[in-house]
Amino acid sequence: MKSRMSQFTEIRNKLAFNIKHGNIQGSLEVAKATANFVDLIASSDGWTVASDLLKIVNDEGKKLTTALPLHATVANVLLQLMHIIRAEYYYAVNQSTQAVQRFVESCMNCEEIQEKKFSAQCPGLKDAILDHIAEYKTELDLSVDNITEQAAEQIQPGEVIMTIGRSSIVAAFLQAKKASEHFSDFQVVVAEGAPQCEGVKMAELLAKSKIQTTLISDTNIYSFMSRVTKVILGTNLVLRSGGLRALPGAHMVGLVAHEHKVPVIVVAPTYKFSSMLSESHRSDNETFNLLANPQGVAKFKDGIIASNVKVLNPMYDFVPPDYVSQVVSNIGTYGVSHMFTAINELYGAVEESAKDLKMAVV
Amino acid sequence: MPPKDKEILKEKEVLQAVVVDDLLSTDFPFSGPKGLLRLANVRLLDYTLSCLSAAGVEQTLVYAAQGSEQLQEHVRASGWGEPGAMAVQVVACQGSLTFGDLMRELDARNAIQGDFFLLTADTVCTADLRPLLLRHRATCARDKNAVVTLAFAQAEPQHAARTEPKQLLLGTAASGRVLAHQRLDPDARNLDLPLDLILQGPGVELRYDLSDPCLAVCSLAVPPIFSDNFDFQTRDDFVRGLLLNEDILGHTMYAHILQDEYASRAHSLPSYLATSVDVIRRWTFPLTPDVSLSQVDRGYRLDVVFNICKQSDVSIGRSDVEDCVIGEGSVIGDNCRLRLCVIGKNCVIHDDVDLCGAVLWDQCVVKKGFKKSHFLAPERTVLSKNNDKSISVKVEERMDSVDSDTDSSEDEGEAADEVDEYENFFNEVQDSLERGFGEKVNTDDLVVEINSSRFANDIPANEVSLWVSKVVLGLPAALKKPPKDVLAYFRPILRKYVGKASADHLNCLLALEEVTAEGPAEAAKMLTLLYQMDVLEEDTIVEWFEESAGQQLRQQANMRKFIEWLQTAEEESD
């Protein structure tokens, strides 16, 4: 039986352990740690041609995502880096920018990709790949700053902004705006985001930065929306269609905002862009939603409930692209209809990236 | 040597856990070790190891009473114990079968370095164990005699998770120290508690709402305790032994109640089925087949809408399937209704099957039209209406069980209660009157007893006469005394309850008929007595005889004679 172990096993297990136990906190740190892991693999001597490297990254990546099923960022970073490796290979083989352009265009047409076996020897490929990965890592480091720079244009004085739950990037976004112009006064309404109720922590964070904050329960979202000028949401994933996979309650916020003609801005760095197409259009391998522990909603010790009642506690909500106006990311602000193209540039065509990792992008 | 070197030489403390894989209960049709028993299609050992690795345990020792090679193979194939992750070591213990024996092996091998988690292979726990460890360490710092912190999960009485017949009563002091630990017999009516339990100061708690998942944090001192006491076989022996010998040996135990976290055991068939249902209902998330139960992706994906957790290659026909775990290659036909089921790999379920709370292991076949709930079918069983080799478990009826829609089950429940109440009343009154006759108790007092019984059992006024008559008229046979004496003694009671209303008289006559159903000859005698005692009147008797008395009585010669005599008497008095 083929051994599961390789030279990277120990490092991979330690990485999984650190992420699981909160030693590496926050999606940005997780993204950086994953990028470092791929960097390590690419710098090692275990590969000579691109197909070898892709295979190793695929294998290790698959085991890593199995150990960390609830961290979508890990899968995203792995797939994005695999696309980078392919792009660099194509460039190295063809040595012309036109070829790369065609490569990007051919992402729409995956037959071209199929033909490429990635097995030609290319001197200098390793260095090119390592450089590109280093660029990617720098981009990650600068992602928060690149996003918060855009806060000044996105938020006008006197605005009333609604958000739901807790998102560190949205908090940073709002704090940056508060810090930028002394007299820019805007208010924030935070919906608590039951049953996790992380909105409470978000309200604390914002209040510490002296932002005028109101905390409301999810049931009051409709009644408050008439006073809101903008909705700013964090998200777990941005899908290719421009829809979102966000915390429960986000769909409701989007729906109500849509009805009140309030624009919905999503703040998401590129490592939250997912290669999943949409909630309803995805491969059988990809899991969109999960039923999490009902303890958040009802208590197990209550015998009547535990034995007789089905208690549902879904992990995520799907927000359709119709409810989203713009996505603010570290590579710029996109209208929702441009998300498909933007994500294609990160991952390649749908068919191409679907074969990678053959896993549930949870 | 300078002190610096000494520091370097000090070994880094490794967080350890010991999983005791003792003998599996014989209820299970499974010959392998306990850790390899499948719960919701995933081996029990995987649940335990996942829970431990989530707590940051660095080394787990699995002490196996049997099947250690199989366990070792499973550990290797599932990717446990890789470098960088938690180390898993399976220790084979020949000849050690019980929990106690395995702990003695542990002591003999001297493998423990400090505080360690102690679980059995059938413990399923989603709780974060780190607070438990911190609490244990804090306790040990405060109380030098503390050796173990036991963890308990909360489950109120009537909870489905409480499958043991004998439930736990735990007494704790304010500090968490265990003062009493008893398994209560469900039929027992008395409870014995040591007096000094109450004298321990404020904050003593007596809890009956706990379940025991066999999870604890132990200190280094625990394995030697097992070696010193050879009669400690089960974990309960250990707990009780420590409590009893607290004065002598000075060891103390503490209890930690898990808040809002799930922990249970799957050691007996009822608890196994209950835990299966908990896994299906997601109470054990993230320890569910589709999320994080091992290092290898099993391929389970969850259909959120219907809560079906299935592997690839499962085909479901036009059926109503909800809340199930289905293994790969299984086929489900049309028109089935499956609820809360675990179906193994490559099973075939034909059309029109109705299952609830069932666990089918690999390669079972369920024939068309089979209906059953709450059972376990071992591998390769063929289940059909005529040939049912599954192992049933008695479980309280759930709302969605097979063969009961909620309305009918409610009615049945009520009807059952009504019958019980009357029976209760009958029995209580019978007891009172029998005793009353024996001790020659004043009939007024007996009336008080009958009345209180009547109100306690909520007997409607129009039926009291029927039941009291039944008792009284049945007494001569029960007491083996001549009816004359008995009825004479209880005359005041009869007169009070049978009274003047004709409905009551009819009731009395009905009772007479019932009581003498087996010996109709007696009926005339008793009827005569009743008439002579002025309990019943001629008109009523005659009317009853002509209209509503049963065939048997009418054919009785004595009865006819008596009725004739009555009629002539009537004429005379008229």
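Conventions adopted
Residues numbered from 1 in each chain as written. Chains lettered and ligands numbered in written order. Predicted model: local features only at pLDDT ≥ 70, side-chain atom pairs only at ≥ 80, totals over all residues. Heavy atoms only, no water. Helix = DSSP H or I, 4+ residues; strand = E, 2+ residues; numbered from the N terminus. Buried < 20%, exposed > 50% of the residue type's maximum accessible area, 1.4 Å probe, protein only. Contact = heavy atoms within 4.5 Å. Areas by Shrake-Rupley, 256 points an atom, 1.4 Å probe, with all protein chains shown as cover. Phe/Tyr/Trp six-rings, centres within 6.5 Å; stacked < 30°, edge-to-face > 60°. Lys NZ or Arg CZ within 6 Å of the ring centre and 35° of its normal. Core = buried A, V, L, I, M, F, W, Y, C linked by side-chain atoms within 4.5 Å. Domains from an automatic or database assignment. Axes fitted to C-alpha atoms, helices over the stretch in contact; angles between N-to-C directions. Parallel < 35°, antiparallel > 145°, perpendicular 65-115°, else oblique. Left-handed = near helix turned anticlockwise from the far one by under 90°. Nonpolar A, V, L, I, M, F, W, Y, C, P; charged D, E, K, R; others polar. Pairing = 2+ DSSP bridges. Buried area = accessible area lost by both parts, 1.4 Å probe. Salt bridge = Lys/Arg side-chain N within 4 Å of Asp/Glu carboxyl O. Polar contact = N/O pair within 3.5 Å; in protein donor to acceptor, adjacent residues only side chain to side chain.

As recorded in an unreviewed UniProt entry, chain B goes by Translation initiation factor eIF2B subunit epsilon and comes from Cloeon dipterum.

S.K.: Let's hear about the overall build of chain A: which residues, and what values?
M.R.: In terms of regular secondary structure, chain A is built from 15 helices and 10 strands. When each of the 362 residues of chain A is scored for burial, the buried share is 53%. Contacts in chain A between residues at least 24 apart in sequence constitute 80% of all its contacts with a sequence separation of at least 6. Accessible surface, chain A: about 15500 Å² in total, of which carbon and sulfur atoms supply 53%.

S.K.: Please provide a residue-by-residue account of the environment of Asp-354 of chain B, values included.
M.R.: In this fold, Asp-354 of chain B is placed in strand β22 (residues 354-360). Distance from Asp-354 of chain B to Ala-40 of chain B, taken between C-alpha atoms, is 19 Å for residues 314 residues apart in sequence.

S.K.: Quick one: what's the story with the packing of aromatic side chains, residue by residue and with numbers?
M.R.: Given two aromatic rings, their pairing is described by the distance between the two centres and the angle made by the two planes. Scanning all chains against the criterion turns up 16 aromatic pairs over all chains. The interplanar angle of 90 degrees and the centroid separation of 5.5 Å between the aromatic rings of Phe-437 of chain B and Tyr-489 of chain B together place this pair among those described as edge-to-face. Residue Phe-437 of chain B is located in helix α10 (residues 406-439), and its partner Tyr-489 of chain B is located in helix α13 (residues 483-489); the two are separated by 52 residues in the primary sequence. Just as Phe-437 of chain B is buried, Tyr-489 of chain B falls in that class too. For the ring pair Phe-437 of chain B and Phe-490 of chain B, a centre distance of 6.1 Å and an interplane angle of 40 degrees mean the geometry is tilted. With Phe-437 of chain B in helix α10 and Phe-490 of chain B in the loop between α13 and α14 (491-498), the pair connects residues that are 53 residues apart, well separated along the chain. These aromatic residues form a ring-pair network of at least three members: Phe-99, Phe-226, Phe-232 and Phe-238 of chain B. Cation over ring: Arg-245 of chain A sits above Tyr-316 of chain A, and NZ or CZ is 3.9 Å from the ring centre.

S.K.: Break down the nonpolar core for me, with residues and values.
M.R.: Residues and elements named next belong to chain B. In this structure, Tyr-47, Leu-52, Val-57, Phe-117, Leu-129 and Tyr-272 are the most contacted members of the largest nonpolar core, which totals 71 residues. Taken domain by domain, the makeup of this core includes at least three residues from each of domain 1 (13-265) and domain 2 (299-392). Core analysis: the second largest hydrophobic core is formed by 48 residues, Leu-487, Val-498, Ala-523 and Phe-545 among them.

S.K.: I'd like a rundown of the packing of helix α11 (residues 443-456) of chain B against α14 of chain B, residues and numbers included.
M.R.: Residues and elements named next belong to chain B. Closest axis-to-axis distance for the α11/α14 pair is 9 Å, and the angle between their directions is 45 degrees. Compared by their axis directions, α11 and α14 come out oblique. You can see that α11 and α14 cross each other, and the crossing is right-handed. Two secondary-structure elements touch here, α11 through Thr-443, Leu-446, Val-447, Ile-450 and Asn-451 and α14 through Pro-492, Ile-493, Lys-496 and Tyr-497. Broken down by class, the residue content of the contact of α11 with α14 amounts to 6 nonpolar, 2 polar and 1 charged.

S.K.: Tell me what's going on with the sheet that holds strand β8 (residues 317-319) of chain A, and back it up with residues and numbers.
M.R.: Residue and element names in this part refer to chain A. The strand order β5-β6-β8 describes an open sheet built from 3 strands, whose pairing is antiparallel. Each edge of the sheet is formed by a strand with only one pairing partner; in this case those strands are β5 (237-238) and β8. In the sheet, β5 pairs with strand β6 (residues 244-246) via 2 bridges, with the strands oriented antiparallel. Note on β6: the bridge partner recorded for Leu-237 is Arg-245. Taken strand by strand, helix α12 (residues 250-259) contacts β6 and β8, and its axis lies near 25 degrees from that of β8.

S.K.: So what's going on with the interface of chain B and chain A? Which residues, and what values?
M.R.: Tallying the contact residues gives 43 residues for chain B and 39 residues for chain A. Interface area, chain B with chain A, both sides summed: about 3600 Å², of which 55% is carbon and sulfur. Taken together, chain B and chain A are joined by 5 salt bridges. In this structure, the salt-bridge partner of Lys-62 of chain A is Asp-297 of chain B, at a minimum N-O distance of 2.7 Å. Along the contact surface separating chain B from chain A lie 18 residue pairs in polar contact (both at pLDDT 80 or more). For the side of chain B that touches chain A, the elements supplying multiple residues, two or more each, are α2 (44-54), α3 (68-77), β15 (301-303) and β18 (320-326) of chain B. Across the side of chain B that touches chain A, the residue classes break down as 17 nonpolar, 11 polar and 15 charged.

S.K.: Which residues make up the environment of Lys-301 of chain A, and what values go with them?
M.R.: Locating Lys-301 of chain A in the fold gives a position in the loop between β7 (264-267) and α13 (303-308). You can call Lys-301 of chain A partly exposed: its relative accessible area is 30%. Spatially, the C-alpha atoms of Lys-301 of chain A and Glu-29 of chain A are 37 Å apart, while their sequence positions differ by 272 residues. The residues contacting Lys-301 of chain A, other than those within four sequence positions of it, are Gln-154, Ala-155, Glu-156 and His-159 of chain B.

S.K.: Now, about the sheet that holds strand β23 (residues 365-366) of chain B: what can you tell me, with residues and values included?
M.R.: All names here are of chain B. Pairing within the open sheet is parallel, and its 5 strands lie in the order β17-β19-β21-β23-β25. Where the open sheet ends on each side, the last strands, each with one partner, are β17 (315-316) and β25 (382-383). By the bridge criterion, 2 bridges tie strand β21 (residues 348-349) to β23 in an arrangement that is parallel. Looking at the pairing, Ile-349 lines up with Val-366 of β23.

S.K.: Could you give me a rundown of the side chain of Thr-123 of chain B, with the residues and numbers involved?
M.R.: Residues and elements named next belong to chain B. Inspection of the secondary structure puts Thr-123 in strand β7 (residues 123-125). A polar side-chain atom of Thr-123 sits 3.0 Å from a polar atom in the side chain of Thr-120. Among the polar contacts listed, one links the side chain of Thr-123 to the backbone oxygen of Pro-213, at a separation of 3.1 Å. For Thr-123, the contacting residues outside a window of four places in its chain are Thr-48, Pro-213, Cys-214, Ser-264 and Arg-265.

S.K.: For the pairing of strand β6 (residues 116-120) of chain B, give the residues involved together with the corresponding values.
M.R.: All names here are of chain B. Taking burial as the measure, the 5 residues of β6 include 5 buried ones, the bulk of the element. Covered by surrounding structure in β6 are Phe-116, Leu-118 and Thr-120 together with Phe-117 and Leu-119, the residues of both alternating faces. Sheet analysis places strand β1 (residues 16-21) next to β6, joined by 5 bridges and oriented parallel. Directly across from Ala-17, in β6, lies its bridge partner Phe-117. Pairing between β6 and strand β12 (residues 210-218): 4 bridges, direction antiparallel. Note that in β12 the partner of Leu-118 across the bridge is Ala-216.

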